[in-house]
Amino acid sequence: MQEIYEMTAVEMVSKLRSKELSATEAVTAHLKRIEEVNPEINAVVAVDIERAMSTAKQFDEMIIQSGPVGPLHGLPMTHKDSHNTKGIRTTQGSPLFADHVPVKNDLVIQRLQNAGAVSTGKTNVPEFAAGSHTFNKVFGTTMNPYANARSAGGSSGGVAAALASRIQPLGDGSDMGGSVRIPAAFCNVIGLRPSYGVIPMPSPQNPWQWLGRTGPMARTIDDIALFMSATAGPVSELPTVRSLKPWEFDRQIEPNLQGVRIGWSPDFGLGIPVERQVLEVLEAQLQVFEELGAVVEESSIDFSEADLVFRNTRAMNFAENLGDLVREYSTEIKQDVIWNVERGWELTSADWIETTAASARLQQHVRSFYARYDLFLSPGAQVVPFDAAFRYPSTVAGEPMDDYLDWMRSACVLSATSLPVLSMPAGFTPDGLPVGFQVAADHYRDFELLGWAKAYEAHTGFARVAPTLSAIDG
């Protein structure tokens, strides 16, 4: 049999459901892989072996008695440490929650478990998932499997590193300003920031927060669709939000780029700095889209007000979600989080009126772009994976970065549009560092986006290139 750790989620679930593979065998192989490679990358920060093995045994009994538990029957998964997992330590990467064990699952975790996923532990995040480099005082820094001294990105850096190192084939991420897309680009995996409300994540402070998203990460487009088929769908807390139904992702994906109109921009029409070695990899790949039948032109959405929309909305969300903690524990929370919360407190009603109007104008620009194009193609990150000892890059392409959001701007401006965005592996620099594209479709064309991306994936297959990990390969 193919090595279990090399299987995609679709392959593993197929074997689990046909009883060629037991859930106990899958979880055992998963835990063994963690033991082998995690000391090198520090992606997995909590493991509940007893719970995982007990659940796997229950699933093995149930499949004999009544059939598979669900579409993910027996699939082992560690979860992002910013997602609450009932009975499994969840720290948010913060010393304030170092011993926190939730009594309730977050919605995405509950849906994954209902679909048959076996929860085995947690993956590392930056403190309160703030920033796109995964380090914190509780667990330390997650390293990139392709370059051990470099960043795995964030905030879903632990998830991305676990996927790349073949600890698991499927993972749950979240994305406000690139937290799925940048680690996917850094670790040569795929990440989807879905359309608003497709995987709901209502905040108890403000159910209508729209900037943050829950989304899947994987090594194949088919696995991304499998995750969506298990987790998409409306929720009663947001009754008027448009969503997509699970069955809409449980269909055959037709990989086809023939006649697809693509607008490509290396700098988002704003002069956003991007390292030359990133652009060299991406520009060499543009011909692949053309060979597959797409029409590629240099063109951009008008992002002129996207920074304003993103920064003010993010600041308000931070103030809503973390304001009480900052007031009470300001000396125990990292400065970047405090700065973002304080920026939210400083916003006036005039600021919010301006932000709302700018957001409306940005949506007009989005409509104008998608009247001419089907996809927007852009760099997945402005830099290659950087030295993990740094908090964030101080310069990009020779330009100074003023704060911890500046170097993530390529992702942030797309977040402001609320569009579905996929991060796709696009190849490697000459010294082996992963580079990725962002591919954005119009609102709620998430499934079509997967089909277009699958055509590129089938032609290139970059995610099949595994890292060399010295713990087992050296």
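Small disclaimer: the values here were computed from a predicted structure and weren't measured.

(A) Here's a closer look at the overall build of the chain. Helix and strand counts for the chain stand at 14 helices and 17 strands. Expected size for 474 residues packed as a compact globule is a radius of gyration near 23 Å; at 21 Å, the chain falls within 12% of this value. Along the longest, intermediate and shortest principal axes, the C-alpha atoms of the chain span 60 × 55 × 50 Å. Across the 474 residues of the chain, 63% fall into the buried class. Long-range pairs, those at least 24 residues apart, make up 76% of the contacts in the chain between residues at least 6 apart in sequence.

(B) Representation of the side chain of T429. Tracing the backbone shows T429 in the loop between β16 (421–428) and β17 (434–440). The contact partners of T429, leaving out residues within four places of it in the chain, are Q277, V281, V384 and V435.

(C) Local environment of the pairing of strand β9 (residues 190–193). In β9, alternate side chains face the same way, and those of I190 and L192 on one face and G191 and R193 on the other are all buried. Summarising the sheet, β9 and strand β10 (residues 213–218) pair through two bridges and their orientation is antiparallel. Considered in β10, the bridge of G191 is made with M217. In terms of strand pairing, β9 meets β16 through three bridges, oriented antiparallel. The partner of G191 across the bridge, within β16, is S423.

(D) Geometry of helix α3 (residues 49–65). Compared with an ideal rise of 1.5 Å per residue, which puts 17 residues at 24 Å, α3 spans 24 Å between its outermost C-alpha atoms and is within 8% of the ideal. Among all positions in α3, only A52, M53, A56, F59, D60 and I63 are buried. Taken around the axis of α3, the buried residues stretch over an arc of 120°, which confines them to a single face. Relative to its buried face, α3 has exposed residues pointing more than 90 degrees away, namely E50 and Q65. Directly beyond the C-terminal end of α3, a positive phi value near 100° is found at G67.

(E) Seen up close, the side chain of S156. Checked against the element boundaries, S156 lands in the loop between β7 (147–151) and α5 (157–164). Judged by its relative accessible area of 0%, S156 is buried. A polar contact is formed between the side chain of S156 and the backbone oxygen of S179, at a distance of 2.8 Å. Residues in contact with S156, not counting those within four places in the same chain, are K80, G173, S174, S179, V180, P183 and M217.

(F) Representation of the packing of helix α4 (residues 107–114) against helix α7 (residues 221–231) within the structure. Packing of α4 against α7 brings their axes to within 8 Å, and their N-to-C directions diverge by 100°. With respect to each other, α4 and α7 are oriented roughly perpendicular. Listed contacts from α7 to V108, R111 and L112 of α4 are F227, A230 and T231.

(G) Spatial organisation of helix α9 (residues 306–329). In a regular helix each residue adds 1.5 Å, so 24 residues correspond to 34 Å; α9 covers 32 Å between its end C-alpha atoms and thus fits that length. Roughly 65° is the biggest bend found in α9, and it falls at L322.

(H) Spotlight on the packing of aromatic side chains. The final tally for this structure, using the stated rule, is 17 aromatic pairs. Taken together, a centroid distance of 5.2 Å and an interplanar angle of 80° make the contact between F386 and W407 edge-to-face. Of this pair, F386 sits in the loop between β13 (375–379) and β14 (395–396) while W407 sits in the loop between β15 (399–400) and α12 (409–417); the two residues are 21 residues apart in sequence, bridging distant segments of the chain. Cluster of aromatic residues (ring-pair linked, three or more members): F268, F303, F369, Y370, Y373 and F376. Taking NZ or CZ as reference, R251 lies 4.0 Å from the ring centre of F447, over its face.

(I) Inspection of the pattern of salt bridges at higher detail. The full count for this structure, using the stated rule, is 18 salt bridges. Each of K32, R33 and E36 takes part in salt bridges that share partners, so that together they form one network.

(J) Representation of the sheet that holds strand β1 (residues 44–47) in the model. Spatial strand order, β1-β3-β2: three strands in an open sheet with mixed pairing. With partners counted over all chains shown, the strands left at the sheet margins are β1 and β2 (76–80), one partner each. Across the sheet, the axes of successive neighbouring strands diverge by a mean angle of 40°, strand direction being ignored. Inspection of the sheet shows β1 paired to strand β3 (residues 118–123) by three bridges, in the antiparallel sense. Bridging across to β3, A46 finds its partner in K122.

(K) Focus on the environment of V421. Structurally, V421 is set in strand β16. By relative accessible area, which is 0% here, V421 ends up buried. A sequence separation of 16 residues divides V421 from F437, and the C-alpha atoms of the two residues are 9.9 Å apart. Apart from residues no more than four positions distant in its own chain, V421 is found in contact with R181, G191, L192, R193, L414, Q438, V439, A440 and L449.

(L) Just the sheet that holds β10, in detail. Read from one edge to the other, the open sheet built from eight strands follows the order β8-β10-β9-β16-β17-β13-β11-β12, with strand pairing classed as mixed. Strand pairing shows two members of the sheet lacking a second neighbour, β8 (170–175) and β12 (295–298), which therefore form its edges. Each strand axis lies, on average, 25° off the axis of its neighbour in the sheet, ignoring direction. Against the sheet, helix α8 (residues 276–291) engages β11 (261–264), β12, β13, β16 and β17, with an angle of about 55° to β17.

(M) How the structure looks around unusual backbone geometry. Residue S155 is reached from G154 by a cis peptide bond, and omega for that bond is 5°. Its location among the elements puts S155 in the loop between β7 and α5. Here the phi dihedral of S418 falls at roughly 70°; this positive angle occurs in a residue that is not glycine. For S418, the position within the fold is in the loop between α12 and β16.

(N) Focus on the pairing of β2. With five of its five residues buried, β2 lies for the most part within the structure. Sheet topology note: the β2/β3 ladder contains five bridges and is parallel. Bridging across to β3, H79 finds its partner in K122. The parallel pair β2 and β3, bridged by α4, forms a crossover whose chirality is right-handed.

What counts, and where the lines are drawn
Residues numbered from 1 in each chain as written. Predicted model: local features only at pLDDT ≥ 70, side-chain atom pairs only at ≥ 80, totals over all residues. Heavy atoms only, no water. Helix = DSSP H or I, 4+ residues; strand = E, 2+ residues; numbered from the N terminus. Rg over C-alpha atoms; globule rule 2.2 N^0.38 Å. Buried < 20%, exposed > 50% of the residue type's maximum accessible area, 1.4 Å probe, protein only. Contact = heavy atoms within 4.5 Å. Pairing = 2+ DSSP bridges. Expected span 1.5 Å × (residues − 1). Arc of directions from axis to C-beta. Polar contact = N/O pair within 3.5 Å; in protein donor to acceptor, adjacent residues only side chain to side chain. Axes fitted to C-alpha atoms, helices over the stretch in contact; angles between N-to-C directions. Parallel < 35°, antiparallel > 145°, perpendicular 65-115°, else oblique. Bend = angle between axes of the 7 residues up to and from the residue. Phe/Tyr/Trp six-rings, centres within 6.5 Å; stacked < 30°, edge-to-face > 60°. Lys NZ or Arg CZ within 6 Å of the ring centre and 35° of its normal. Salt bridge = Lys/Arg side-chain N within 4 Å of Asp/Glu carboxyl O. Right-handed = clockwise from strand over helix to strand, strands pointing away.

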